[in-house]
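The lines below spell out each chain.
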Amino acid sequence: MASKIVEIWENNKKFIMEISMIGIIAVNIFMFSTYADVYNRIAEISQKYEPLHIDELFWIIIFLILAFANFSWHRYRELIEEMNERKKTEKLLRESEAKYSALVEHSKDVIMIIKDGKIKFANNVSEELLGAPPEDMIDSKFLKYVAAESRNTVKKRSSPDMHRQDGLNIYEIIMVKRNGLRVPVEVNATLIEYEDQPADLIVIRDITLRKRLESEVRRYTTKLESLVEEKTRELEQSYNRLQKVDEMRTELIDIAAHELRTPLTSIKAYLNLMQSGHVGNFTEDEKTTLDDMMRNINNLNALINDMLDYTRIEGKMLEISLTTSSITELAEEAVNDFKTIARARKISLKFTADTNVEIPMDREMMKKVFVNLIGNAIKYSREGGSVIVSVESGRGRVLVAVRDTGIGINADELPYVFERFYMGDTSLTRERDQMGFGLSIARSIIEKHSGKIWVESQEGKGSTFYFEFVI
Amino acid sequence: MSIRVMIAEDSDSTRKALKTVLKFHDCEVIGEAEDGEAAVALYKSLKPDLLLIDISMPKKHGIDAIKEIKKMHPKAKIIGITALYSPEKRQEVLDVGAAELIVKPFDVPDLIRAIERVISQ
C-alpha cells in the first residue's frame, strides 16, 4: 500500500503540487469568511454530516473543474511528449534498421540467425548459396541444409560450451543446396541474444573456389616434389657413375704404368751396370752411347709420368682435396730439389719470398706445377743464365713468379703456351722429354685451386710464368 | 762379407735384374719369393740380413707381408720397391716398418746407397 502511494506520488509529483496550490487558492476564495467560520463550518460538517450549502457546492465544483483541467493539461502535454519521443525513437529505429538491413543484405556472405537449431533469419544471399528464398528457410532446421558428414561438426560447434571458449569459432563444412548440390563453406559463428534467448549469429562463406585452388596447389606441389626427388636420384646416380669412372680410370692407368715400368727397370739396371763398368768394357765413345741410351730410358719414364699425371688431373671429373699448408715452404722445397741440376748446367737458381703464406691446396699437385715451371725455366736457359722463383703477397692475393733469362717465347705462340701438346723450342734439347702436357696440367691444377696462371715473355730475353690465388 | 738378401718380387725379369745388380755389390741373394704369402713363410726360415720387397701391385699384398714380418721379427730390415710413387704410399710403407722406399725404374747407385744406409742402422 505504502509503495503504491509512493509510486503515485513519484509519477504525479508536479500535478499533485499544482493541484494543492489551486486547492489552497480555491479554499481561500471559497473562504472569504474568517478562519473561525471555516473552523466552525468544518466542525459542523464533520459532526452533523449536513449537506453542503449551494455556494459551498459551487466552489467545490469550481475546484474540481480546475483540478480536472490541470490534470487534463498535464496529461495532454505528456501525451504530446510521448508521441514526439515515440516518433523520434521510431525514426532512429527505422534508420538503424535500414543501416543494418543494408549491411546484412549487401554482404557477400550469407548471414543467418539460428535459435534452437532453427533458422530465424537469413539474408538474401542465402538464396544464392542454398537455392531457397529466405522466407522459405525461416523456422526450418539448419541441419536440413548441412551435408550428413558435417552434421556432427555443426552440432559440436553450436553448443553453448563452444562459444564460452576464447578464440574464434570458425570451421569448414559441406552444405547442401535445395537441389542437392554440395557446397564447401566456411562458417563463422558468434553467440548473440535474439528475442531474449541465446542464439547463433553465423556468417557463411562459399569457399568452392578456394578449395579448388588449394587442391591445384597441392597437386602441383606433389608433382614438384616427386620431380625433385626424381632429379635428385638421377644426380646421385650420375655422381656415382662418374666416381666409378674416375676409379676405373685411375686403376687402369696404374696398371698400365706398372706394366710399362717393369721392363724399363731391367733395362735401366743393366745399363747402369754397363755404365759403371761392372758389366762389359767400353771405350769413352761407347760410353757416350750408353749415356744416350740411359737418357732415352729416362725420357720414356717421364712420358709414363706425364700420362699418369694427365689422367689423374686433367681427366678427373671430380674435385681435388685441399688442406691448408704453406705455399712458401713448398716453393722453397721445389727450388732446392733443382739446385743440383741447375749447378750442373751452370744456371743460377734463387728463391725469394716476402711472407709465409698458407693456402688450401693439394700439395702433391701444386708441387708438380713448381717442378714443371722451374724445370722448364732451367731447360730453356743457357749457361750463365738465371732463374728466380718468388712468392709475394699483398692486396688479398699471393703471387708466385718463375722468371728465367732464357730463350723466351715467340709472340705468335704466346697465346697457345698452356694448351695440350704445345712444345717449346726443341732445338735446345736433343730429344723430346715430354708429350707437352706439362703446362696444360699446370694450368688445370692452378684452376682447380681457383687460381690464375699466365706468362709474360720476350723472345731472346726470357720468360716469366705467374700464378696467383686469392687468400 | 756378403750381405744376405732376400727378394720378394713377382716379375721374373725384375728379379733377375736385381740378382745381377746385387751380385756386383757384395750381396748374396739367399732366397726369392713371388708373392706376399710366400715372402712371409720364406723370411721365417731364412732370416736374411735384408729384405727387398715389391709393393707396387694394385693389391696390398706387399704391405700386409711387411706388417706380418715385422710383427714376427721387429728388427727386420726391409726396403720396399714400387713403380707407382706417391707421398702417401711412402708414408704408408714407412709406417708399417720398412726403412726405405725405392722407386722403379731405380738408379743402381741409389739402390746401393739405400742398402748401405739400412744395413748400417
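Residues numbered from 1 in each chain as written. Chains lettered and ligands numbered in written order. Predicted model: local features only at pLDDT ≥ 70, side-chain atom pairs only at ≥ 80, totals over all residues. Heavy atoms only, no water.

**Some remarks on the overall build of chain B**
Right, on to step 1. Assigned secondary structure in chain B consists of five helices and five strands.
Right, on to step 2. When the helices and strands of chain B are listed from N to C terminus, the series reads β-α-β-α-β-α-β-α-β-α.
Right, on to step 3. Put simply, chain B has 121 residues, and 50% of those count as buried.
Right, on to step 4. Within chain B, residue pairs in contact and separated by at least 24 positions form 63% of the contacts whose partners lie at least 6 positions apart.
Right, on to step 5. Here chain B has roughly 6000 Å² of accessible surface; of this, 50% comes from carbon and sulfur atoms. (Helix = DSSP H or I, 4+ residues; strand = E, 2+ residues; numbered from the N terminus. Buried < 20%, exposed > 50% of the residue type's maximum accessible area, 1.4 Å probe, protein only. Contact = heavy atoms within 4.5 Å. Areas by Shrake-Rupley, 256 points an atom, 1.4 Å probe, with all protein chains shown as cover.)

**Here's the deal with the overall build of chain A**
Right, on to step 1. When you go through chain A residue by residue, the secondary structure sums to 13 helices and 12 strands.
Right, on to step 2. Residues classed as buried in chain A amount to 33% of the 471 residues present.
Right, on to step 3. For chain A, the exposed surface amounts to about 30300 Å²; the carbon and sulfur share of it is 57%.

**A few points about the interface of chain B and chain A**
Right, on to step 1. With 24 residues of chain B in contact, the opposing surface of chain A contributes 19 residues.
Right, on to step 2. Counting the surface lost from both chain B and chain A, the interface buries some 1800 Å², and carbon and sulfur atoms represent 67% of this.
Right, on to step 3. Of all residues in chain B, the largest losses of buried area upon contact with chain A belong to Phe24(B), Leu84(B) and Pro105(B), amounting jointly to 33% of the total for that side.
Right, on to step 4. The partner of Asp107(B) in a salt bridge is Lys268(A), with the nearest N and O atoms 4.0 Å apart.
Right, on to step 5. Where chain B meets chain A, there are four residue pairs in polar contact (both at pLDDT 80 or more).
Right, on to step 6. If you tally residues by element for the side of chain B that touches chain A, the top one is helix α1 (residues 12–23) of chain B, at six residues.
Right, on to step 7. Across the side of chain B that touches chain A, the residue classes break down as 12 nonpolar, seven polar and five charged. (Buried area = accessible area lost by both parts, 1.4 Å probe. Salt bridge = Lys/Arg side-chain N within 4 Å of Asp/Glu carboxyl O. Polar contact = N/O pair within 3.5 Å; in protein donor to acceptor, adjacent residues only side chain to side chain. Nonpolar A, V, L, I, M, F, W, Y, C, P; charged D, E, K, R; others polar.)

**A word on the packing of helix α2 (residues 36–46) of chain B against helix α3 (residues 61–72) of chain B**
The description of two helices packed together rests on the angle between their axes and the distance between the axes.
All names here are of chain B.
Right, on to step 1. For the pair α2 and α3, interaxial distance at closest approach is 8 Å and the crossing angle is 20°. By the angle between their axes, α2 is roughly parallel relative to α3. Of the two possible hands of crossing, α2 and α3 adopt the one that is right-handed. Taken together, the residues of α3 that come into contact with α2 (itself represented by Gly36, Ala39, Val40, Tyr43 and Lys44) are His61, Ala65, Glu68, Ile69 and Met72.
Right, on to step 2. Class assignment for the residues of the contact of α2 with α3 results in six nonpolar, two polar and two charged. (Axes fitted to C-alpha atoms, helices over the stretch in contact; angles between N-to-C directions. Parallel < 35°, antiparallel > 145°, perpendicular 65-115°, else oblique. Left-handed = near helix turned anticlockwise from the far one by under 90°.)

**Some details on the packing of helix α12 (residues 363–379) of chain A against helix α13 (residues 438–448) of chain A**
Residues and elements named next belong to chain A.
Right, on to step 1. Relative orientation of the contacting elements α12 and α13 amounts to 140°, with a least axis distance of 9 Å. When the axes of α12 and α13 are compared, the crossing they make is left-handed. Taking contact as the criterion, the partners of Met365, Met366, Lys368, Val369, Asn372, Leu373 and Asn376 in α12 are, on α13, Gly438, Leu439, Ala442, Ile445 and Ile446.
Right, on to step 2. Looking at side-chain class alone, the contact of α12 with α13 contains eight nonpolar, three polar and one charged residues.

**Quick word on the nonpolar core**
A general trend in soluble globular proteins is that nonpolar side chains are found buried together.
Residues and elements named next belong to chain A.
Right, on to step 1. Formed by 40 residues in total, the largest nonpolar core has its most connected members in Ile327, Met366, Phe370, Ile374, Phe465, Phe467 and Phe469.
Right, on to step 2. Of all the secondary-structure elements, those providing two or more residues to this core are α11 (327–344), β8 (358–361), α12, β9 (386–394), β10 (397–404), α13, β11 (452–458) and β12 (462–470).
Right, on to step 3. Of the residues forming this core, the biggest block, eight residues, is contributed by α12.
Right, on to step 4. Setting aside residues up to four positions removed in sequence, methionine 366 forms contacts with Ile327, Leu330, Met361, Ile445, Ile446, His449, Phe467 and Phe469.
Right, on to step 5. Formed by 23 residues, the second largest nonpolar core is a distinct cluster that contains Val110, Ala132, Val146 and Val154. (Core = buried A, V, L, I, M, F, W, Y, C linked by side-chain atoms within 4.5 Å.)

**Some points on helix α9 (residues 208–275) of chain A**
Right, on to step 1. Helix length check: α9(A) (68 residues) gives 98 Å between terminal C-alpha atoms against 100 Å at 1.5 Å per residue, within 8%.
Right, on to step 2. Count one or two residues on from α9(A) and you reach Gly277(A), which has phi positive near 90°. (Expected span 1.5 Å × (residues − 1).)

**Things to note about unusual backbone geometry**
Right, on to step 1. The omega angle of the peptide bond from Lys104(B) to Pro105(B) is -10°, so this bond is cis rather than trans.
Right, on to step 2. On the secondary structure map, Pro105(B) appears in the loop between β5 (100–103) and α5 (108–120).
Right, on to step 3. A positive phi angle, near 70°, is found at Asp139(A), a position not held by glycine.
Right, on to step 4. On the secondary structure map, Asp139(A) appears in the loop between α6 (134–137) and α7 (151–158).
Right, on to step 5. Look at Asp139(A) and you get partly exposed, because its relative accessible area is 44%.
Right, on to step 6. A positive phi angle is found at Glu195(A), which is not glycine, with a value near 50°.
Right, on to step 7. Tracing the backbone through its elements, the reader meets Glu195(A) in the loop between β4 (182–194) and β5 (197–206).

**Description of the sheet that holds strand β1 (residues 3–8) of chain B**
Residues and elements named next belong to chain B.
Right, on to step 1. On the basis of which strands lie adjacent, the open sheet formed by five strands has the order β2-β1-β3-β4-β5 and parallel pairing. Looking along the sheet, the strands with just one partner apiece sit at the ends: β2 (27–33) and β5. Across the sheet, the mean angle from the axis of one strand to that of its neighbour is 25°, orientation sign disregarded.
Right, on to step 2. Relative to strand β4 (residues 78–82), strand β3 (residues 50–54) runs parallel, the two being bridged by four bridges. (Pairing = 2+ DSSP bridges.)

**Some details on the environment of Ile313(A)**
Residue and element names in this part refer to chain A.
Right, on to step 1. Take isoleucine 313: it is sitting in helix α10 (residues 284–314).
Right, on to step 2. As for isoleucine 313 and isoleucine 445, which are separated by 132 residues in sequence, their C-alpha atoms are 7.1 Å apart.
Right, on to step 3. Setting aside residues up to four positions removed in sequence, isoleucine 313 forms contacts with Met365, Lys368, Ile441, Ser444, Ile445 and Lys448.

**Describing a negative patch on the surface**
Right, on to step 1. A cluster of acidic side chains, namely Glu259(A), Asp10(B), Asp35(B), Glu37(B), Asp64(B) and Glu68(B), defines a negative patch on the protein surface.
Right, on to step 2. When you line up the elements, Glu68(B) lands in helix α3.
Right, on to step 3. The class for Glu68(B) is partly exposed, based on a relative accessible area of 43%. (Patch = residues over 30% accessible without salt bridge, like charges linked within 9 Å, V, L, I, M, F, W, Y side chains within 5 Å. Lys, Arg positive; Asp, Glu negative; His and termini not counted. Charge placed at Lys NZ, Arg CZ, Asp CG, Glu CD.)

**A few points about the sheet that holds β4(A)**
Residues and elements named next belong to chain A.
Right, on to step 1. Spatial strand order, β2-β1-β5-β4-β3: five strands in an open sheet with antiparallel pairing. Across the chains shown, the open sheet's two edge strands, defined by having one partner strand only, are β2 (118–122) and β3 (170–176). Taken over all neighbouring pairs, the strand axes of this sheet differ in orientation by 40° on average, direction set aside.
Right, on to step 2. As defined by bridge partners, β3 adjoins β4 across seven bridges and the pair is classed as antiparallel. Bridge assignment links valine 176 to a residue of β4, and that residue is arginine 182.
Right, on to step 3. Most of the contacts of α7 go to β3, to which it runs at about 135°, and overall it touches β3 and β5.
Right, on to step 4. Packed on one face of the sheet, α9 meets β3, β4 and β5 and runs near 130° to β4.

**Things to note about a nonpolar patch on the surface**
Residue and element names in this part refer to chain A.
Right, on to step 1. A cluster of nonpolar residues, Trp73, Tyr76, Ile80 and Met83, forms a patch on the protein surface that exposes about 420 Å² of accessible area.
Right, on to step 2. Within the fold, isoleucine 80 resides in helix α4 (residues 54–106).
Right, on to step 3. Accessibility expressed as a relative area gives 30% for isoleucine 80, which makes it partly exposed.

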